[in-house]
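Spelled out from the first residue to the last, the chains are:
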Amino acid sequence: IADEAVSISREQVAELIGVSADEIVFTSGATESLNIAIRGVANAYLSRGKHFVTLATEHKAVLDTCDFLVKQGFEVTKLQVDSQGFPSLEELNISLREDTVALICMLANNETGRILPIADYAQFARNKGVLVICDATQAVGKIPVNALELGADLLAISAHKVYGPKGIGALYVKRRNPRVRLA
């Protein structure tokens, strides 16, 4: 019975964000999902490089994990945002280097409510072979979220933000075109 409940839940979460059920990993919440995503790709893609790009306005869960990476010898570029909450597209594009592993951006800012154009940012990343990690915690259940349309390779959500139980989250991990590896 428990296996069936988990399977149904996995299908429901996958449908909610427009992906396949086999791409959903359950976690203890969005913070753990983001930690697994960021640290997982950092270690799996060492041969690509040790550089990450994020925004200075990201949630503490992202910024703390990025600070941890810096202590481990990685480099993290934290882009500033303008008065509307957006990074300069020129600076974003320039910051994505040959050794950049991932771009980490939240879809909806938890403090300002600003919805960021992740699909536009993902296009810059895709052009340079950079993975996109999206924190969709504040967006899922409030606006339509489709991980594929966003161009997200990994996407974190939390159950309690959509009236689910506390202590449950999910991480979408892309399995095809290309398959994302986590260490």
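As a reminder, the structure under discussion sits directly above these lines.
Predicted, not measured: the structure shown is a model, and the values here were computed from it.

Observations concerning helix H1 (residues 2-17)
Phase 1: With 16 residues, H1 ought to run about 22 Å at 1.5 Å a step, and its terminal C-alpha atoms sit 23 Å apart, in line with that.
Phase 2: All buried positions along H1 are accounted for by Val-13, Ala-14 and Ile-17. Each buried residue of H1 lies within a common arc of 100° when the element is viewed along its axis, so the set occupies one face. Along H1, the residues that are exposed and aim more than 90 degrees away from the buried face are Glu-4, Gln-12 and Glu-15.
Phase 3: Those residues of H1 that are buried are in contact with strand E1 (24-27), helix H6 (147-150), strand E6 (154-158) and strand E7 (169-173).
Phase 4: Looking one or two residues past H1, Gly-18 carries a phi angle of roughly 75°, positive in sign.

Points about the packing of aromatic side chains
Phase 1: With the rule as written, the count across this model stands at 1 aromatic pair.
Phase 2: Aromatic pair Phe-52 and Phe-74: ring centres 6.0 Å apart, planes at 65°, arrangement edge-to-face. Taken together, the residues span a long stretch of sequence, with Phe-52 in strand E2 (residues 51-55) and Phe-74 in the loop between helix H3 (60-71) and strand E3 (75-79) at a distance of 22 residues.
Phase 3: When its relative accessible area of 0% is taken as the criterion, Phe-52 is described as buried.
Phase 4: Note that Arg-39 overlies the ring of Phe-68, its terminal NZ or CZ placed 4.1 Å from the centroid.

Reading the values: rules and limits
Residues numbered from 1 in each chain as written. Predicted model: local features only at pLDDT ≥ 70, side-chain atom pairs only at ≥ 80, totals over all residues. Heavy atoms only, no water. Helix = DSSP H or I, 4+ residues; strand = E, 2+ residues; numbered from the N terminus. Expected span 1.5 Å × (residues − 1). Buried < 20%, exposed > 50% of the residue type's maximum accessible area, 1.4 Å probe, protein only. Arc of directions from axis to C-beta. Contact = heavy atoms within 4.5 Å. Phe/Tyr/Trp six-rings, centres within 6.5 Å; stacked < 30°, edge-to-face > 60°. Lys NZ or Arg CZ within 6 Å of the ring centre and 35° of its normal.

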